[in-house]
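Listed below, chain by chain, are the residues.
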Amino acid sequence: MSSSLPFTDNYRDLSNSDGYQFEFRCERCGNGYRSAFRRSMRKTGGALLRGVSGFLGGRTASLAYQASTALDRGTNSTEKDSAMRAAVEEISPQFTQCRGCGDWVCGQICWNDAVGQCARCSPIQAEQLAQLQAQARQEQLRDALRNTSLIDGVDVAQQSVTRCPSCQAAASGGKFCGSCGSALAPTRSCGGCQASNPPGAVFCSECGHGLI
């Protein structure tokens, strides 16, 4: 009576017409381990029979070819089960099944041996602490940035312009043009009360006198 096989939900079949190979993956991190390639004895036998058929010819050739075809059709049965069982025996020491979630996880990265569960069910303390520290640093950086002035020396009340009104050069900030020295936001003085008014004003904001 054949025994049952584990690893039926975390493997990929890489077998081909020449033989058998399987890739088993950790269900937490996705790391994979491939079993050694096992050449198919049925495939080898089929190739020998086809060689004989080509050498003998006639009815004997036909019978040999039919036998080789039958061998090829059988490569997905007991021989493959045997190859799968050998692959499981080879790779299974790399994995442990978690009793918490039932996943097969790699022992190298995802198994918390101190607790006896996978690192998803019982995170490894040092890794979890490092992750929480990284999150705390991000939060503290955000808080520090919110409380730090990034506009010291900038007159936020001054009208911002992107080009110098005198030479049309691109303005990068400040009060005066870096190309011609003209004021980037020249004020217009009222002829009546001498109050300063922003550029483009038609009437004085203090006395209502016309500026044009």
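Residues numbered from 1 in each chain as written. Predicted model: local features only at pLDDT ≥ 70, side-chain atom pairs only at ≥ 80, totals over all residues. Heavy atoms only, no water.

Trainee: In this structure, what is going on with the sheet that holds strand β3 (residues 22-25)? I would like to understand it.
Mentor: Strand order in the open sheet made by the 3 strands is β1-β3-β4, with antiparallel pairing throughout. The strands lining the two open edges of the sheet, one partner per strand, are β1 (11-13) and β4 (32-34). Looking at each pair of strands side by side, their axes are set apart by 20 degrees on average, direction ignored. Judged from the 3 bridges that link them, β3 and β4 form a sheet pairing that is antiparallel. (Pairing = 2+ DSSP bridges. Helix = DSSP H or I, 4+ residues; strand = E, 2+ residues; numbered from the N terminus. Axes fitted to C-alpha atoms, helices over the stretch in contact; angles between N-to-C directions.)

Trainee: For this particular structure, what's the right way to read unusual backbone geometry?
Mentor: Leaving glycine aside, a negative phi is the common case for residues, and trans is the common case for peptide bonds. For glutamine 168, which is not a glycine, the phi torsion comes out positive at approximately 65 degrees. Tracing the chain through its elements places glutamine 168 in the loop between α4 (125-146) and β10 (188-189). A positive phi angle, close to 65 degrees, is found at glutamine 194, a residue other than glycine. When you line up the elements, glutamine 194 lands in the loop between β10 and β11 (196-197). On the basis of relative accessible area, glutamine 194 is assigned to the exposed category, the value being 56%. (Buried < 20%, exposed > 50% of the residue type's maximum accessible area, 1.4 Å probe, protein only.)

Trainee: For this particular structure, what's the right way to read the nonpolar core?
Mentor: Note on soluble globular proteins: their nonpolar side chains tend to be buried together. Formed by 19 residues in total, the largest nonpolar core has its most connected members in Phe7, Phe22, Phe24, Cys26, Phe95 and Val105. Mapped onto this core, the elements with two or more residues apiece are β3, α3 (78-91) and β7 (104-106). Among the elements that make up this core, the one with the highest residue count is α3 (5 residues). Leave out the neighbours within four places in its chain, and phenylalanine 24 touches Phe7, Asn10, Tyr11, Asn31, Gly32, Tyr33, Met84, Ala87, Val88, Ile91 and Phe95. Ranked by size, the runner-up nonpolar core spans 5 residues in total, among them Cys190, Ala195, Cys204 and Leu211. (Core = buried A, V, L, I, M, F, W, Y, C linked by side-chain atoms within 4.5 Å. Contact = heavy atoms within 4.5 Å.)

Trainee: Would you mind going over α3 with me for this structure?
Mentor: In an α-helix, one turn spans 3.6 residues, which is why side chains three or four residues apart end up on the same side. For α3, spanning 14 residues, the distance from its first C-alpha to its last is 20 Å, which sits close to the expected 20 Å at 1.5 Å a residue. Of the positions making up α3, those classed as buried are Glu79, Lys80, Ala83, Met84, Ala87, Val88 and Ile91. (Expected span 1.5 Å × (residues − 1).)

Trainee: It is not clear to me how the packing of aromatic side chains should be interpreted in this structure. Could you clarify?
Mentor: For any pair of aromatic rings, the description consists of the separation of the ring centres together with the inter-plane angle of the planes. Applying the stated criterion across every chain, the model contains 3 aromatic pairs. With centroids separated by 6.1 Å and ring planes inclined at 40 degrees, the aromatic side chains of tyrosine 11 and phenylalanine 24 adopt a geometry described as tilted. With a gap of 13 residues between them, tyrosine 11 in strand β1 and phenylalanine 24 in strand β3 connect regions that are remote in the sequence. For tyrosine 11, a relative accessible area of 35% translates into the label partly exposed. Ring centres 5.5 Å apart and planes at 85 degrees place the aromatic pair tyrosine 33 and phenylalanine 95 in the edge-to-face group. With tyrosine 33 in strand β4 and phenylalanine 95 in strand β6 (residues 95-97), this residue pair connects regions lying 62 residues apart in the sequence. For the pair tyrosine 33 and phenylalanine 95, one class covers both residues: buried. (Phe/Tyr/Trp six-rings, centres within 6.5 Å; stacked < 30°, edge-to-face > 60°.)

Trainee: Honestly, the pairing of β3 in this entry has me stumped. Any pointers?
Mentor: Within a regular strand, side chains alternate between the sheet's two faces. Relative to β3, β1 is paired through 3 bridges, and the arrangement is antiparallel. Paired with tyrosine 11 across the strands is phenylalanine 24, a residue of β3. Taking the residues that link successive antiparallel strands as the turn, the β3-β4 hairpin has 6 residues, and the phi of glycine 30 there is positive, at about 85 degrees.

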